[in-house]
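# Secondary and tertiary structure notes
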Amino acid sequence: MQPCFITTPIYYVNDRPHIGHAYTSLAADVLARWRRLEGREVFFLTGTDEHGQKVEKAAGDAGMDPQAFTDEVSQHFRDLAVAMGFSNDGFIRTTEPRHKEACAALWQKLVEKGEIYLGDYEGWYAVRDEAFYGPDELTERDGVKYAPSGAPVEWVREPSYFFRLSNWAERLLKLYEDNPDFILPASRRNEVIAFVKSGLGDLSVSRTSFRWGVPVPGDPAHVMYVWLDALTNYITAAGYPTDHEAFAKWWPADIHFVGKDILRFHTVYWPAFLMAAGLEPPRRVFAHGWWTNEGQKISKSLGNVIDPLALVQEFGLDPVRYFLLREVPFGQDGDFSRSALVNRNNGELANALGNLANRTLSLIQRNCDGKLPPATARAPGDAGLGALVDALPRQVGAHLDRQEYHLALEAVMAAAREANGYITVEAPWALKKTDPVRMEAVLRHLHDALRVFATVLQPFMPTTMASLLDQLGVSEEARSLAALATPLPGGIALPPPSPLFAKIETA
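Residues numbered from 1 in each chain as written. Predicted model: local features only at pLDDT ≥ 70, side-chain atom pairs only at ≥ 80, totals over all residues. Heavy atoms only, no water.

For the rest of this paragraph, the subject is the overall build of the protein chain. When its secondary structure is counted, the protein chain shows 18 helices and 18 strands. The C-alpha radius of gyration of the protein chain comes to 26 Å, within 12% of the 23 Å expected for a compact globule of 507 residues. Taking the principal axes of its C-alpha atoms as reference, the protein chain extends roughly 90 × 50 × 40 Å. Burial status across the protein chain gives 57% buried among its 507 residues. Taking the average location of the 50 positive side-chain charges in the protein chain and that of its 63 negative ones, the two points are 4 Å from each other. (Helix = DSSP H or I, 4+ residues; strand = E, 2+ residues; numbered from the N terminus. Rg over C-alpha atoms; globule rule 2.2 N^0.38 Å. Buried < 20%, exposed > 50% of the residue type's maximum accessible area, 1.4 Å probe, protein only. Lys, Arg positive; Asp, Glu negative; His and termini not counted. Charge placed at Lys NZ, Arg CZ, Asp CG, Glu CD.)

What follows deals with the nonpolar core. Ranked by size, the top nonpolar core spans 94 residues in total, and within it Phe257, Leu325, Tyr405, Phe453 and Phe460 carry the most contacts. Among the elements that make up this core, the one with the highest residue count is helix α13 (residues 338-367) (12 residues). The contact partners of leucine 325, leaving out residues within four places of it in the chain, are Tyr23, Leu26, Ala27, Val30, Phe330, Tyr405, His406, Leu409 and Phe460. Counting residues in each nonpolar core, the second largest holds 80 residues, with Trp212, Ala237, Trp251 and Leu274 among its members. (Core = buried A, V, L, I, M, F, W, Y, C linked by side-chain atoms within 4.5 Å. Contact = heavy atoms within 4.5 Å.)

One key point about sheets: their strands pair by backbone hydrogen bonds, in either a parallel or an antiparallel sense. Read from one edge of the open sheet, 6 strands run β3-β2-β1-β14-β15-β9, paired in parallel fashion. Whereas interior strands pair on both sides, the edge strands pair on one side only; in this sheet they are β3 (90-93) and β9 (183-184). As judged from the 7 bridges shared by strand β1 (residues 4-12) and strand β2 (residues 42-49), these two strands associate in the parallel manner. Within β2, the position partnered with isoleucine 10 by the bridge is glycine 47. (Pairing = 2+ DSSP bridges.)

Pairing geometry for strand β4 (residues 116-126) and strand β8 (residues 154-163), over 10 bridges, is antiparallel. Opposite tryptophan 124, over in β8, you have tryptophan 155 as the bridge partner.

Counting across every chain of the model gives 24 aromatic pairs. For the ring pair tyrosine 117 and phenylalanine 162, a centre distance of 5.5 Å and an interplane angle of 15° mean the geometry is stacked. Taken as a pair, tyrosine 117 in strand β4 and phenylalanine 162 in strand β8 lie far apart in primary sequence, 45 residues in all. Overall, phenylalanine 162 belongs to the buried group, its relative accessible area being 7%. With a centroid separation of 5.7 Å and an interplanar angle of 35°, the aromatic rings of tyrosine 121 and phenylalanine 162 are classed as tilted. Here tyrosine 121, found in strand β4, pairs with phenylalanine 162, found in strand β8; they are 41 residues apart in sequence, far enough to count as distant. Each member of the pair, tyrosine 121 together with phenylalanine 162, is buried. Ring pairing ties together the aromatic residues Tyr23, Phe257, Phe286, Trp291, Phe323, Phe330, Phe336, Tyr405 and Phe460, which thus form one cluster. Sitting over the ring of phenylalanine 195, arginine 264 keeps its end group 3.9 Å from the ring centre. (Phe/Tyr/Trp six-rings, centres within 6.5 Å; stacked < 30°, edge-to-face > 60°. Lys NZ or Arg CZ within 6 Å of the ring centre and 35° of its normal.)

Among the structural elements, glutamate 348 can be located in helix α13. Polar contacts involving the side chain of glutamate 348 include one to the side chain of arginine 326, which spans 2.8 Å. Glutamate 348 has contacts with Tyr322, Arg326, Asn343, Leu353 and Met413, leaving out every residue within four places of it along the chain. (Polar contact = N/O pair within 3.5 Å; in protein donor to acceptor, adjacent residues only side chain to side chain.)

Let us now look at the pattern of salt bridges. Pairing between side chains becomes possible if they bear opposite charge and their charged atoms approach one another. In the structure shown here, the tally under the stated rule is 35 salt bridges. Close ionic contact of aspartate 390 with arginine 378 constitutes a salt bridge, the shortest N to O distance being 2.8 Å. Of this pair, aspartate 390 sits in helix α14 (residues 383-401) while arginine 378 is found in the loop between α13 and α14, placing the two residues 12 residues apart along the sequence. A relative accessible area of 41% means that aspartate 390 is categorised as partly exposed. A residue is classified by how much of its surface remains accessible, and arginine 378, at 44% relative accessible area, is partly exposed. Through salt bridges with shared partners, a single network forms among Arg326, Glu327, Arg344, Glu348, Glu410 and Arg417. (Salt bridge = Lys/Arg side-chain N within 4 Å of Asp/Glu carboxyl O.)

Relative to the helices and strands, glutamate 101 resides in helix α4 (residues 97-112). Residue class for glutamate 101 comes out partly exposed when judged on its relative accessible area of 41%. Excluding residues that lie within four positions of it along the chain, glutamate 101 makes contacts with Pro241 and Thr242.

Note the cis peptide between leucine 184 and proline 185, where omega equals -5°. As for its position among the elements, proline 185 is in the loop between β9 and α6 (186-197). The peptide bond linking tyrosine 240 to proline 241 adopts the cis configuration, its omega dihedral lying at 0°. Tracing the sequence through the fold places proline 241 in the loop between α8 (233-237) and α9 (244-250). Backbone geometry places glutamate 294, a non-glycine residue, at a positive phi of 50°. Residue position: glutamate 294 is located in the loop between β16 (291-293) and β17 (296-297). Phi at aspartate 369 takes a positive value of approximately 60°, unusual for a residue other than glycine. By the element assignment, aspartate 369 lies in the loop between α13 and α14. For aspartate 369, a relative accessible area of 69% corresponds to the exposed category.

The next subject is the environment of alanine 449. The residue alanine 449 is located in helix α17 (residues 436-457) in this model. Judged by relative accessible area, which is 1%, alanine 449 ranks as buried. Along the primary structure alanine 449 and alanine 357 are separated by 92 residues, whereas in three dimensions their C-alpha atoms are 9.8 Å apart.

Following this line, the structure appears as structure tokens:
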């Protein structure tokens, strides 16, 4: 099977991680875990973006050397990955020597191809975004001009190297046309196409007004514009320019997960840089939306920034992971509310799934001597549940192929609701006296359904589903998607069940 390279953006180290960082990495983590369940080799990359004027200023404000500052803040993102249970295979920092080497190699390649030239730049620049904006993109309030992001802009004039982005509009449009799923969701694709069709100017790719960056080869008065530096991280980690075997294995990336605010950089500038250097663009860029907090825009000034570590401490890791990808279609903006998280936990996890598992396994303990009943053919009354369970791995996989996380989880919950209806109708507790053979068949079908639920939910809730698989008697070697084709042997001893999810009490 083809190896799979999945990336998050590299996170900017001017502040501590918040829910947006956790959300992007969670989506990447779930997809990486699913690909491993499919039997594919995966390289899941995250990391930190540590150069630029904004970082230089934040370090100065903290009274720290920029490298010491980035060392400290970058560690917070490593800690986040551990706390959220992310399974990343790599963590890259743009201050690493290997990354500076890759940036220099890409720069030299673009120079050799005639894609970079020296000139002078003047334009409206937002320090917060590390981006230039055209006059038609700005709004003005109280004599101050603002970028679309809300960041104030200032007029900047300085010598600069330029990338000939203006030469790439037609080739970018062809890329989008030939690869309809290169940009998802589709609404974001339309935005990018409209932007490119409106006309592309050449792009400033160096600065002289600050020093905290990768020096331009042969001209150390310039440092590389932060986006050329930052975007290169993906090919650095894949082995560019020295590890040809690794690079051939992992590149192009299967998917870059990004927030919608950095979509342009990843779908216009990045593929243009790559194609200009003779490298393939990534296969897909998926831009997700932003969260609000109880209906309010999240901002430091409002004091309503959501700390993902505090959420995990309050509600538990797997309920938080589940909620973030269950509540809102990935790609759209969403509102975080504690009541919604509580409702998902209590209604779907504790009741629909957890209670079903506990009832089924308790009945096996009491009525089957704690041993798994043998596999048996389905009777007509088993067909509805059986059809849903059989289709579930393919259904979940199809949704995850398009990053439709909420639909994947809804498919599992629909099957769990069917299983709850099935246990109520079949009433295996009553069959003990009237038809013990049928009782065993019903409990076996429920056990088989729980095994499928637990297997496909592993990427979303790895710790809790590992516990459920333990209780179901599924060995570590039998937890892949392919292993579902082999029924567990009847007669294996099952451990006494224990609750999977605690109900969250509200005042």
